[in-house]
Amino acid sequence: MSKVKNRWLIALAGVSVHLSIGSAYAWSIYTKPINELTGWSQTSISFAFSIAIFCLGISAAFMGKFVEHYGPKTTGTVASIFFGAGIALTGVAIQVQSLPLLYVTYGLIGGIGLGSGYVTPVSTMIRWFPDKRGLATGLAIMGFGFASLITSPIAQFLMGKVGISNTFYVLGAMYFCVMFLASRYLEKPPVGWKPEGMVEEQKPFDGQKIEASEGLTANEAIRTQKFWMLWIMLFLNITCGIGIVSAASPMAQEMTGMSDQMAAAMVGIMGIFNGLGRLFWATISDKFGRPKVYSTIFVVNALALTALYFSSSAIFFAALVCIIMTCYGAGFSIIPAYIGDVFGMKEVGAIHGYILTAWAAAGVVGPVLLSTVKQMTDGYTTTLLIFIVLSGIAFTVSLIMRRKLNQK
């Protein structure tokens, strides 16, 4: 009988995968250097990121099923190949100055690597931490939120030393090595395994534990109302959050008169709160239950957006945006554990993959909605009102979800 692996090393491997793929959030640092080298518009360059996020959500839907059947080691290997190759080939696209190739390499190939890598460790870590599901998913997805803080200085250093194309070659090789080696350690725990000293407690979940005694398959789950309520809540949360992310700097400058330098610093700090929010909210959901915490997130988000609407102070504005970022990050980190609570662990990775299609949709809707309304109204206040309403709708759906979970 083989020795059971250390679950904290499993967690470290999972975080390593997410720290690699989360570098996608640093794409904006490449926009200006690529623009100066190729002459492509910043909008055209940013569109590569939009394609990547869309492909993340769509590929996650397929790879979630894949990880259940073939295991995280295989899925992680696939992710390392696609993401590493996508980043390295992005350097080729920049070197030959082909914008369509950029969309294929970073957007399509890299996006498939993103989706594959995103679902790989999450369902695995939930199984290794049945006593701390929120903490497990918070740790993994926190890595995705923090990654840009690590990637940005490394990429800036490399661009100054070896140029933009060579930077992508180096980073592609680095990401492949880290993800491949981390994936080699990932595997599901033995059937029936529980951590030593774990005692089953009937406290965290304020509703029926799971839909069926063995849990539901992904195809069974998507035919339930509860699945689509979770999907809608995640979609609305991401729509509001990613809309703010896409325009935080110009919004702050226009609404409060914040300087360029202060706005740039605020964007960096936002990344910290995005990452911390993923861990904080997910961890407290272990104590208070996913349904209650998810409802609380939407209340906090709506209140912060309302205060943002009336804000004219730069410091107050920055503080509110950071609070909104914790709620944005929380949506990602709580949802896998919430899925496990509602549908069981039978195919939690596959169900998580299906629900991540909400990210693909919101990644398009949020920024487009904000920019369209900004053009029509020549300001951001109307968009904030829309986001407040969307948060209110999400809160209402969360209450309906809680009532359904409590029904016998």
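Residues numbered from 1 in each chain as written. Predicted model: local features only at pLDDT ≥ 70, side-chain atom pairs only at ≥ 80, totals over all residues. Heavy atoms only, no water.

K.L.:
Could you give me a rundown of the overall build of the chain, with the residues and numbers involved?
P.N.:
Per the secondary structure count, the chain includes 15 helices and 0 strands. The C-alpha radius of gyration of the chain comes to 21 Å, within 12% of the 22 Å expected for a compact globule of 408 residues. Over its C-alpha atoms, taken along the principal directions, the chain stretches across nearly 60 × 50 × 35 Å. Burial analysis of the chain (408 residues in total) assigns 57% to the buried set. Counting only contacts in the chain whose residues sit at least 6 apart along the sequence, the fraction spanning at least 24 positions is 84%. Approximately 16500 Å² of the chain is accessible, and the part contributed by carbon and sulfur atoms is 66%. With 27 positive and 17 negative side-chain charges, the chain shows a separation of 3 Å between the mean positions of the two kinds. (Helix = DSSP H or I, 4+ residues; strand = E, 2+ residues; numbered from the N terminus. Rg over C-alpha atoms; globule rule 2.2 N^0.38 Å. Buried < 20%, exposed > 50% of the residue type's maximum accessible area, 1.4 Å probe, protein only. Contact = heavy atoms within 4.5 Å. Areas by Shrake-Rupley, 256 points an atom, 1.4 Å probe, with all protein chains shown as cover. Lys, Arg positive; Asp, Glu negative; His and termini not counted. Charge placed at Lys NZ, Arg CZ, Asp CG, Glu CD.)

K.L.:
Tell me about the nonpolar core, and please be specific about residues and values.
P.N.:
By size, the foremost hydrophobic cluster in this structure holds 128 residues, and its most contacted members are Tyr30 and Trp359. With sequence-adjacent residues up to four places away left out, Tyr30 is seen in contact with Thr151, Ala155, Met159, Ile164, Phe168 and Leu171. (Core = buried A, V, L, I, M, F, W, Y, C linked by side-chain atoms within 4.5 Å.)

K.L.:
So what's going on with the environment of Thr326? Residues and values would help.
P.N.:
Tracing the backbone shows Thr326 in helix 12 (residues 314-343). Thr326 gets classed as buried once you look at its relative accessible area, which sits at 14%. In the structure, Thr326 is positioned 38 residues away from Phe288 in sequence and 17 Å away in space, judged by C-alpha atoms.

K.L.:
How would you summarise the environment of Thr296 if you had to cite specific residues and measurements?
P.N.:
Mapped onto the elements, Thr296 comes out in helix 11 (residues 290-310). Taking the C-alpha atoms as reference points, Thr296 and Phe395, 99 residues apart in sequence, are found 8.1 Å from one another. At a separation of 2.8 Å, a polar atom in the side chain of Thr296 contacts the main-chain carbonyl oxygen of Lys292. (Polar contact = N/O pair within 3.5 Å; in protein donor to acceptor, adjacent residues only side chain to side chain.)

K.L.:
Mind laying out the packing of helix 1 (residues 7-21) against helix 7 (residues 164-185), listing which residues take part and the relevant values?
P.N.:
Relative to each other, helix 1 and helix 7 sit at 155°, their axes nearing to 9 Å. As the angle between them shows, helix 1 and helix 7 are arranged roughly antiparallel. Helix 7 is crossed by helix 1, and the crossing has left-handed handedness. Here Leu9, Ile10, Ala13, Ser16, Val17, Ser20 and Ile21 of helix 1 come into contact with helix 7, specifically with Tyr175, Val178, Met179, Ala182, Ser183 and Tyr185. Grouping the constituent residues of the contact of helix 1 with helix 7 by class yields 10 nonpolar, 3 polar and no charged. (Axes fitted to C-alpha atoms, helices over the stretch in contact; angles between N-to-C directions. Parallel < 35°, antiparallel > 145°, perpendicular 65-115°, else oblique. Left-handed = near helix turned anticlockwise from the far one by under 90°. Nonpolar A, V, L, I, M, F, W, Y, C, P; charged D, E, K, R; others polar.)

K.L.:
Describe the packing of helix 2 (residues 28-38) against helix 7, and please don't skip the residues or the numbers.
P.N.:
Relative to each other, helix 2 and helix 7 sit at 135°, their axes nearing to 10 Å. Between helix 2 and helix 7, the interaxial angle falls into the category oblique. Together, Tyr30, Pro33, Ile34 and Leu37 of helix 2 and Ile164, Phe168 and Leu171 of helix 7 make up the contact between the two elements. For the contact of helix 2 with helix 7, a count of residues per class yields 7 nonpolar, no polar and no charged.

K.L.:
Report on the packing of aromatic side chains, specifying residues and quantitative values.
P.N.:
Applying the stated rule across the entire model yields 21 aromatic pairs. When the centroid spacing of 5.0 Å and the interplanar angle of 80° are considered together, the rings of Phe227 and Trp228 count as edge-to-face. Phe227 gets classed as buried once you look at its relative accessible area, which sits at 1%. The ring of Tyr185 has Lys5 lying over it, and the distance from NZ or CZ to the ring centre is 4.4 Å. (Phe/Tyr/Trp six-rings, centres within 6.5 Å; stacked < 30°, edge-to-face > 60°. Lys NZ or Arg CZ within 6 Å of the ring centre and 35° of its normal.)

K.L.:
Now, about helix 13 (residues 348-355): what can you tell me, with residues and values included?
P.N.:
Of all 8 residues in helix 13, 8 are buried, a share of seventy percent or more. When we look at burial in helix 13, the residues that qualify are Val348, Gly349, Ala350, Ile351, His352, Gly353, Tyr354 and Ile355.

K.L.:
Talk me through a nonpolar patch on the surface; I want residue IDs and the actual numbers.
P.N.:
Among the surface-exposed residues, Leu149, Ile150, Ile154, Val170, Met174, Ile269, Ile272, Phe273 and Leu276 lie close enough to one another that they form a single nonpolar patch of about 670 Å² accessible area. Looking at the nonpolar patch, the elements that each hand over two or more residues are helix 6 (133-162), helix 7 and helix 10 (260-288). A per-element tally of the nonpolar patch places helix 10 first, with 4 residues. You can see Leu276 is positioned in helix 10. For Leu276, a relative accessible area of 41% gives the class partly exposed. (Patch = residues over 30% accessible without salt bridge, like charges linked within 9 Å, V, L, I, M, F, W, Y side chains within 5 Å. Salt bridge = Lys/Arg side-chain N within 4 Å of Asp/Glu carboxyl O.)

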